[in-house]
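Structural overview
Here is how the chains run, residue by residue.
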Amino acid sequence: MEKKENRKIRITKMVLQDSLIELMKTKPILSITIKDICELADMSRSTFYAHYSDQYDLLRQIEKETLSFFENVLNIYKDKQTKKETTQMLEEMLTYIANNSNSIQVLLSENGDINFQKKIFQHFVNNKQVTKYFSGDHKGNEDYYSVFLIHGAIGIVQHWLKNNASVPVPQLAKMMIKWTE
């Protein structure tokens, strides 16, 4: 019985998250009310408040899940640095982005929370894992190279998502690796 309850909760949260993301496609979080989310989700406000304190809490949960995925991938690949392993890591991240394109596109858009965008950018810059394979020829300038590489990668992802992820993940990963060589 408990498993069904958990499944219902997961579905409820998913519908609420999807509703917020859908609303954020056209307006910023500052302009979105609990009423807007509940109407789109076809749920009561009490159902919403059973899971989230407000629309910002809901957005933070979406952001937290997204950041958590990237942290997990970076941890898996933390001791790896060959070109093949870096390509695999990039493909894993791009696959996640493709599978969650609605939310990622909104989170990285002008309607997304700029603090999340800064946080994800800073997380990748500080991590050094992403640039470990690429930074060999940039001794003394690693920080600048990291900033350049991460901004470029985010820009590529935004462009890719705006074009409906028209380039297959393996091809995009190989292109991104090639551009950094």
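For the structure, check the block above.
Residues numbered from 1 in each chain as written. Predicted model: local features only at pLDDT ≥ 70, side-chain atom pairs only at ≥ 80, totals over all residues. Heavy atoms only, no water.

Regarding the environment of Q158
We count it as follows: A run of H or I in DSSP counts as a helix once it spans at least four residues, and a run of E counts as a strand once it spans at least two, with each numbered from the N terminus. For every residue, the accessible area (1.4 Å probe, protein chains only) is compared with the maximum for its type, and the residue is labelled buried under 20%, exposed over 50%, or partly exposed between those bounds. Throughout this description, a polar contact denotes any pair of N or O atoms lying within 3.5 Å of each other; where both atoms belong to protein, one of them has to be capable of donating a hydrogen while the other can accept it, and for residues adjacent in sequence the pair is counted only when both atoms sit in side chains.
As for its placement among the helices and strands, Q158 is situated in helix α9 (residues 142–162). Exposure remark for Q158: the relative accessible area of 27% places this residue in the partly exposed category. Spatially, the C-alpha atoms of Q158 and Q105 are 6.7 Å apart, while their sequence positions differ by 53 residues. Here L108 takes part through its backbone oxygen, which lies 2.7 Å from a polar atom of the side chain of Q158.

Notes on the packing of aromatic side chains
Short version of the rule: Each Phe, Tyr or Trp ring, with Trp reduced to its six-membered ring, pairs with another whose centre is within 6.5 Å; inter-plane angles below 30 degrees give stacked pairs, above 60 give edge-to-face pairs, and intermediate values give tilted ones.
Summed over all chains, the structure comprises 6 aromatic pairs. For the pair F48 and Y49, a centre-to-centre distance of 5.5 Å together with 90° between the ring planes defines the contact as edge-to-face. Residue F48 is classed as buried on the basis of its relative accessible area, which comes to 0%. Ring centres of F69 and F70 lie 5.5 Å apart, and the angle between their planes is 75°; this geometry places the pair in the edge-to-face category. In this structure F70 comes out as buried when scored by relative accessible area, which is 4%.

Some thoughts on the pattern of salt bridges
Here is the rule we go by: Think of a salt bridge as a Lys or Arg side-chain nitrogen and an Asp or Glu carboxyl oxygen that are within 4 Å of each other.
All told, the structure shown has 3 salt bridges when counted by the stated rule. In this structure, E22 engages K25 in a salt bridge whose closest nitrogen and oxygen atoms are separated by 3.2 Å. The class for K25 is partly exposed, based on a relative accessible area of 38%.

Focus: unusual backbone geometry
Backbone phi values are negative for most residues with the exception of glycine, while trans is the configuration of most peptide bonds. Unlike most non-glycine residues, D42 shows phi in positive territory, near 60°. On the secondary structure map, D42 appears in the loop between α2 (34–41) and α3 (45–51). Take D42: its relative accessible area is 71%, and that puts it in the exposed class.

Here's the deal with the environment of N75
Relative to the elements of secondary structure, N75 occurs in helix α4 (residues 55–76). Separated by 52 residues in the primary sequence, N75 and N127 have C-alpha atoms spaced 9.9 Å apart.

Considering the packing of α4 against helix α5 (residues 83–99)
Test applied: Only the stretch in contact is used when fitting a helix axis, every axis being a line fitted to C-alpha atoms; angles between N-to-C directions are given from 0 to 180 degrees. For classification, angles of less than 35 degrees are called roughly parallel, those exceeding 145 degrees roughly antiparallel, those between 65 and 115 degrees roughly perpendicular, and all remaining angles oblique. When the near helix sits turned anticlockwise from the far one by under a right angle, the crossing is termed left-handed; a clockwise turn instead gives a right-handed crossing. Two residues form a contact once any of their heavy atoms are found within 4.5 Å. Any residue that is not Ala, Val, Leu, Ile, Met, Phe, Trp, Tyr, Cys, Pro, Asp, Glu, Lys or Arg is counted as polar, Gly included; the first ten are nonpolar and the last four charged.
Between α4 and α5, the least distance of the axes is 10 Å, while the angle of their chain directions is 165°. Between α4 and α5, the angle is such that the two are roughly antiparallel. Between α4 and α5 lies a crossing whose hand is right-handed. On α5, the residues touching E65, T66, F69, F70, V73, L74 and I76 of α4 are M89, E92, M93, Y96 and I97. Residue classes in the contact of α4 with α5 are distributed as 9 nonpolar, 1 polar and 2 charged.

Considerations on α9
For the record, the criterion: Each residue after the first adds 1.5 Å to the expected span of a helix. The directions considered for the arc run from the helix axis to the C-beta atoms.
When the terminal C-alpha atoms of α9 are compared, their 30 Å separation across 21 residues agrees well with the 30 Å that a helix rising 1.5 Å per residue should span. For α9, the set of buried residues is Y145, S146, L149, I150, V157, W160 and L161. Taken end-on, α9 shows its buried residues confined to a sector of 125°, consistent with a single buried face. Of the exposed residues in α9, the ones pointing more than 90 degrees away from its buried face are Y144, F148, H159 and K162. N164 sits one or two positions beyond α9 and adopts a positive phi of about 55°.

Things to note about helix α7 (residues 114–127)
Between the first and last C-alpha of α7 there are 20 Å, a value that for 14 residues agrees with the 20 Å anticipated at 1.5 Å per step. When we look at burial in α7, the residues that qualify are F116, Q117, I120, F121, F124 and V125. Seen along its axis, α7 keeps its buried residues to an arc of 165°; they face one direction. Of the residues in α7, the exposed ones pointing more than 90 degrees away from the buried face are K118 and N126. Where α7 begins, the side chain of D113 points an oxygen toward the backbone nitrogen of N115, at a separation of 3.0 Å.

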